[in-house]
Amino acid sequence: MEDEYLPFFITEDLYLLDEIIPESVKETPPAPVVEEKVETPAAVVEEKVETPATVVEEPPAAIVPPTVHDLAIWSPPLTAQDKELLVKILAAINEDFEKANLMEGINAYEPHYHKLLCFGYQKELELKLGTAVASYQPTKVSDRQILVSAAPADLHADKNEKGRLWTALQEMFLK
């Protein structure tokens, strides 16, 4: 039923609008639309070149063999007095302490050497080599020469141990 009255309200509203809007406005034609010509600078067209994604595979790390030292020394951490003793011992057999691979401490052992002077770690060395090694006897194990001695701290006051070490060093290095 409301639909019957809808046209009446719409018509009535339009009639009211006609009364409210002055005649001068009704008759004024709309202003002409002037199109302004705006010049825009030429757009720079960037050519977008898509390159296929390349997967860069790093070559496998080159396996660098460890440095094999001519002479390695494995000993407990050295005091200044211990180091002085070892420098003198090595000088007596024509070896340079500075050129030797010094492995200080029980966990410092590295198996990359031709000759090893092991001071104070006989049992640990035997476990690493899987074979018994006698003290003060140059021993050959897998193309390596090994000499085991007491720790430098024990050599300072014991002339007998120093003598045994000197005899073994001469046999290993000077013959």
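Now for a description of the structure that goes with this document. Owing to the predicted nature of the structure, the values given are computational and were not obtained by experimental measurement. (Residues numbered from 1 in each chain as written. Predicted model: local features only at pLDDT ≥ 70, side-chain atom pairs only at ≥ 80, totals over all residues. Heavy atoms only, no water.)

1. Re the sheet that holds strand E4 (residues 139-141)
Pairing between the strands of a sheet comes from backbone hydrogen bonds, and it takes one of two forms, parallel or antiparallel.
Moving on, step 1. If you walk across this open sheet you meet the five strands as E2-E1-E3-E5-E4, and the pairing is mixed. Of all the strands in the sheet, the pair left with one neighbour each is strand E2 (101-104) and E4. The mean inter-strand angle of the sheet, taken between neighbouring strand axes irrespective of direction, is 25°.
Moving on, step 2. Where strand E1 (residues 69-75) lies against E2, four bridges are found, and the strand directions are parallel. Bridged to Ile 73 within E2 is Leu 102.
Moving on, step 3. Where helix H6 (residues 159-174) meets the sheet, it contacts E1, strand E3 (113-119) and strand E5 (144-149), and its direction lies at approximately 175° from that of E5. (Pairing = 2+ DSSP bridges. Helix = DSSP H or I, 4+ residues; strand = E, 2+ residues; numbered from the N terminus. Axes fitted to C-alpha atoms, helices over the stretch in contact; angles between N-to-C directions. Contact = heavy atoms within 4.5 Å.)

2. Some details on unusual backbone geometry
Moving on, step 1. At Ser 142, a residue that is not glycine, the phi angle is positive and equals roughly 50°.
Moving on, step 2. If you trace the backbone, Ser 142 turns up in the loop between E4 and E5.
Moving on, step 3. The class for Ser 142 is exposed, based on a relative accessible area of 59%.
Moving on, step 4. Phi at Asp 143 is positive, roughly 65°, even though this residue is not glycine.
Moving on, step 5. Relative to the helices and strands, Asp 143 is located in the loop between E4 and E5.
Moving on, step 6. With a relative accessible area of 68%, Asp 143 lands in the exposed category. (Buried < 20%, exposed > 50% of the residue type's maximum accessible area, 1.4 Å probe, protein only.)

3. Section: the nonpolar core
Moving on, step 1. Membership of the largest hydrophobic core comes to 21 residues, with the highest contact counts inside it found for Ile 73, Leu 117, Leu 165 and Leu 169.
Moving on, step 2. For this core, the leading source of residues is H6, giving five residues.
Moving on, step 3. Those residues in contact with Leu 165 that sit more than four places away from it in its chain are Ile 89, Phe 119, Tyr 136, Leu 147, Ser 149 and Leu 155.
Moving on, step 4. Counting residues in hydrophobic clusters, the runner-up holds 14 residues, among them Tyr 109, Leu 129, Val 133 and Val 141. (Core = buried A, V, L, I, M, F, W, Y, C linked by side-chain atoms within 4.5 Å.)

4. Here we look at the pairing of E5
Moving on, step 1. Along E5, five of the six residues are buried, which leaves the element largely enclosed by surrounding structure.
Moving on, step 2. Both E3 and E5 contribute to a ladder of five bridges, which runs parallel. Each bridged residue has a counterpart across the sheet, and for Leu 117 the counterpart in E5 is Leu 147.
Moving on, step 3. Taken together, the three bridges between E4 and E5 define a ladder with antiparallel strand orientation. By the bridge assignment, Thr 139 is partnered in E5 with Ile 146.
Moving on, step 4. With antiparallel pairing between neighbouring strands as the criterion, E4 and E5 make up a hairpin whose turn holds two residues, including Ser 142 at a positive phi of roughly 50°.

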